[in-house]
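Chain by chain, the residues:
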Amino acid sequence: ARNGVLPALIALLQRNDSEREIHASATVANMAEMVEGRTHRRMLDEGILRPLLNLSENPQPEVRREVARAVALFASKRDSQGRLLRSGAVSSCVAFLRGKAGEDVATSRYGALAIGNLAVIPTNHQELFDSGGIAALMPLASSEDLETRRCTAFALNNIASREENHL
């Protein structure tokens, strides 16, 4: 990020070529794994979020999986959450939770993890309810994938941390 890769990466995310989009979105997710320091802030400041979220409806399952992974990682850092909410990332998470035909389970899992990470902050709860994020989690509670069920439980636990949400 310090060496100027972000503008090139943003351009690669917008090229309408699935191979490039897979690698570019995976690169964003890999960089977002660096949750310590200022990497997230730098990525968001330089405008990575909009081109990344534009790929959340991409027909390629591999692209959607990497976008979902990146969003879940950005959501893991409290300072990034406001931008995610303002950018409409919760709608992308709902799409990840609902999945598409032929999509692997990891995309839904990352969507549940993103919702769970956003739900760590109680002021985000109403947005998660209003956007359908909580309702979209329910089918994942019976997923055959153990990790998806764990991410779903994590999200529900965070939502249930406020008594007002119990009803």
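Computed from a predicted structure; not experimentally measured. (Residues numbered from 1 in each chain as written. Predicted model: local features only at pLDDT ≥ 70, side-chain atom pairs only at ≥ 80, totals over all residues. Heavy atoms only, no water.)

1. Here we look at the overall build of the protein chain
Reasoning step 1: Each helix and strand in the protein chain was counted, giving 11 helices and zero strands.
Reasoning step 2: In the protein chain, the order of α-helices and β-strands from amino to carboxyl end is α-α-α-α-α-α-α-α-α-α-α.
Reasoning step 3: The C-alpha extent of the protein chain, read off along each of the three principal axes, is 50 × 35 × 25 Å.
Reasoning step 4: Buried residues in the protein chain amount to 49% of all 167 residues.
Reasoning step 5: For the protein chain, the share of sequence-separated contacts (at least 6 apart) that also reach a separation of at least 24 residues comes to 70%. (Helix = DSSP H or I, 4+ residues; strand = E, 2+ residues; numbered from the N terminus. Buried < 20%, exposed > 50% of the residue type's maximum accessible area, 1.4 Å probe, protein only. Contact = heavy atoms within 4.5 Å.)

2. Observations regarding the environment of Arg15
Reasoning step 1: On the secondary structure map, Arg15 appears in the loop between α1 (5-13) and α2 (18-32).
Reasoning step 2: Overall, Arg15 belongs to the partly exposed group, its relative accessible area being 45%.
Reasoning step 3: As for Arg15 and Ser108, which are separated by 93 residues in sequence, their C-alpha atoms are 25 Å apart.
Reasoning step 4: Filtering out sequence-adjacent residues up to four positions away, Arg15 remains in contact with Arg20 and Glu21.

3. Quick look at the layout of surface pockets
Reasoning step 1: For the largest pocket, the calculated volume is near 170 Å³.
Reasoning step 2: Around the largest pocket sit Ala1, Arg2, Met34, Glu36, Gly37, Arg38, Thr39 and Arg42, which together line it.
Reasoning step 3: The residue makeup of the lining of the largest pocket, split by class, is two nonpolar, two polar and four charged. (1 Å grid on protein atoms, 1.4 Å probe; cavity = no way out; pocket = protein on both sides within 12 Å on 5 of 7 lines; lining within 4 Å. Points joined across faces, edges and corners; volume = space filled by probe spheres on them. Nonpolar A, V, L, I, M, F, W, Y, C, P; charged D, E, K, R; others polar.)

4. Topic: helix α8 (residues 105-118)
Reasoning step 1: Helix length check: α8 (14 residues) gives 20 Å between terminal C-alpha atoms against 20 Å at 1.5 Å per residue, within 8%.
Reasoning step 2: Taken across its 14 residues, α8 has 11 buried, putting it largely inside the fold.
Reasoning step 3: When α8 is considered as a whole, its buried residues turn out to be Ala106, Thr107, Ser108, Arg109, Gly111, Ala112, Ala114, Ile115, Gly116, Asn117 and Leu118.
Reasoning step 4: Looking at the buried side of α8, the elements it contacts are α5 (61-75), α6 (78-86), α7 (89-98), α9 (125-130), α10 (133-137) and α11 (146-159). (Expected span 1.5 Å × (residues − 1).)

5. Remarks on the packing of α8 against α11
Reasoning step 1: In contact at an axis separation of 8 Å, α8 and α11 are set at 20 degrees when each is read in the N-to-C sense. By the angle between their axes, α8 is roughly parallel relative to α11. Considering only the axes of α8 and α11, their crossing is left-handed. Two secondary-structure elements touch here, α8 through Val105, Arg109, Ala112, Leu113, Ile115, Gly116 and Asn117 and α11 through Glu147, Thr148, Cys151, Thr152, Phe154, Ala155 and Asn158.
Reasoning step 2: Its residues placed into classes, the contact of α8 with α11 shows seven nonpolar, five polar and two charged. (Axes fitted to C-alpha atoms, helices over the stretch in contact; angles between N-to-C directions. Parallel < 35°, antiparallel > 145°, perpendicular 65-115°, else oblique. Left-handed = near helix turned anticlockwise from the far one by under 90°.)

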